[in-house]
Amino acid sequence: MFFDIGPLELIAIVILAVLLFGPDKLPKLIQDVTGFIRKVREFSDSAKQDIRDELGPEFKDFEFEDLKPKNFVRKHVLEKDEYGLKELAELREGFDLKKEMTDVTDAVRESTAPRAAAAAGGSSVNLSKEPSAASAGRPDMFTKSADASRREPPPFDADAT
């Protein structure tokens, strides 16, 4: 309904009000509350009008809703589009992250599959178009080095543990 109050909650509030104030005082209470709300609304409208009058004719299109940051950015930045932000928003909407990630994953799998097959089969055939990692001066990150058995264990400090 309104204010996230469901119909059952509204019925419970009405029953509670009748029990607390009684059926004879409830109509007077409702009139007092609506009168108070009306006075507060009139007071805020007159305060807004006074502020508009004090600002002068330069701010004739001033709205208090524009003071919210989201509305301010929408009105002064996105509508003027001095910075090309509409194109940026269109670019962001056209970008499909899931598709891009699957493309990258497929590309990585395709580039590692020949190396993994060559390492598993013991064949030294390089199926990729790029030179091998050893000939390019880079370490091969996909195969284990033969020096794994000769590596020294990290130093152990009995006092530190």
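Residues numbered from 1 in each chain as written. Predicted model: local features only at pLDDT ≥ 70, side-chain atom pairs only at ≥ 80, totals over all residues. Heavy atoms only, no water.

Trainee: Is there a simple way to think about a nonpolar patch on the surface in this case?
Mentor: Taken together, the side chains of Leu8, Ile11, Ile15 and Leu19 present a nonpolar region at the surface, about 470 Å² in accessible area. Exposure remark for Leu8: the relative accessible area of 70% places this residue in the exposed category. (Patch = residues over 30% accessible without salt bridge, like charges linked within 9 Å, V, L, I, M, F, W, Y side chains within 5 Å. Areas by Shrake-Rupley, 256 points an atom, 1.4 Å probe, with all protein chains shown as cover. Salt bridge = Lys/Arg side-chain N within 4 Å of Asp/Glu carboxyl O. Buried < 20%, exposed > 50% of the residue type's maximum accessible area, 1.4 Å probe, protein only.)

Trainee: Is there a simple way to explain the pattern of salt bridges in this structure?
Mentor: A side chain of one charge can pair with a side chain of the opposite charge when the charged atoms of the two come close. Scanning the model with the defined rule gives three salt bridges in all. Between Lys28 and Asp32 there is a salt bridge, with the nearest N and O atoms lying 3.2 Å from each other. Of this pair, Lys28 and Asp32 both sit in helix H1 (residues 7–55), four residues apart, which is roughly one turn of that helix. Notably, a salt bridge pairs Lys99 with Asp103, separated by 3.3 Å at the nearest N-O pair. You can see Lys99 and its partner Asp103 sitting in helix H4 (residues 97–121), four residues apart, about one turn around the helix. In this structure Asp103 comes out as partly exposed when scored by relative accessible area, which is 38%. (Helix = DSSP H or I, 4+ residues; strand = E, 2+ residues; numbered from the N terminus.)

Trainee: Mind showing me how you'd approach the confidence of the model for the protein here?
Mentor: When pLDDT drops low, the exact placement of atoms in the prediction is not to be read closely. For the protein, the mean per-residue pLDDT works out to 76, and 66% of the residues sit at or above 70. Ranking the elements of the protein by mean pLDDT puts helix H3 (residues 85–94) last with 68 and H1 first with 91. The low-confidence segment residues 123–129 (pLDDT under 50) makes five contacts with residues lying over four places distant or belonging to another chain. (pLDDT = per-residue confidence, 0-100. Contact = heavy atoms within 4.5 Å.)

Trainee: Got a minute to help me understand the environment of Glu63 in this structure?
Mentor: By the secondary structure assignment, Glu63 is in the loop between H1 and helix H2 (69–78). In the structure, Glu63 is positioned 15 residues away from Lys48 in sequence and 9.2 Å away in space, judged by C-alpha atoms.

Trainee: Where do I start with H1 in this structure?
Mentor: Taking 1.5 Å of rise per residue, 49 residues should cover 72 Å, yet H1 covers just 45 Å from first to last C-alpha, more than 12% shy of that figure. Within H1, the axis deviates most sharply at Gly22, by approximately 100 degrees, and proline Pro23 lies no more than four positions further along. Immediately downstream of H1, the backbone of Gly56 shows phi near 95 degrees, a positive value. (Expected span 1.5 Å × (residues − 1). Bend = angle between axes of the 7 residues up to and from the residue.)

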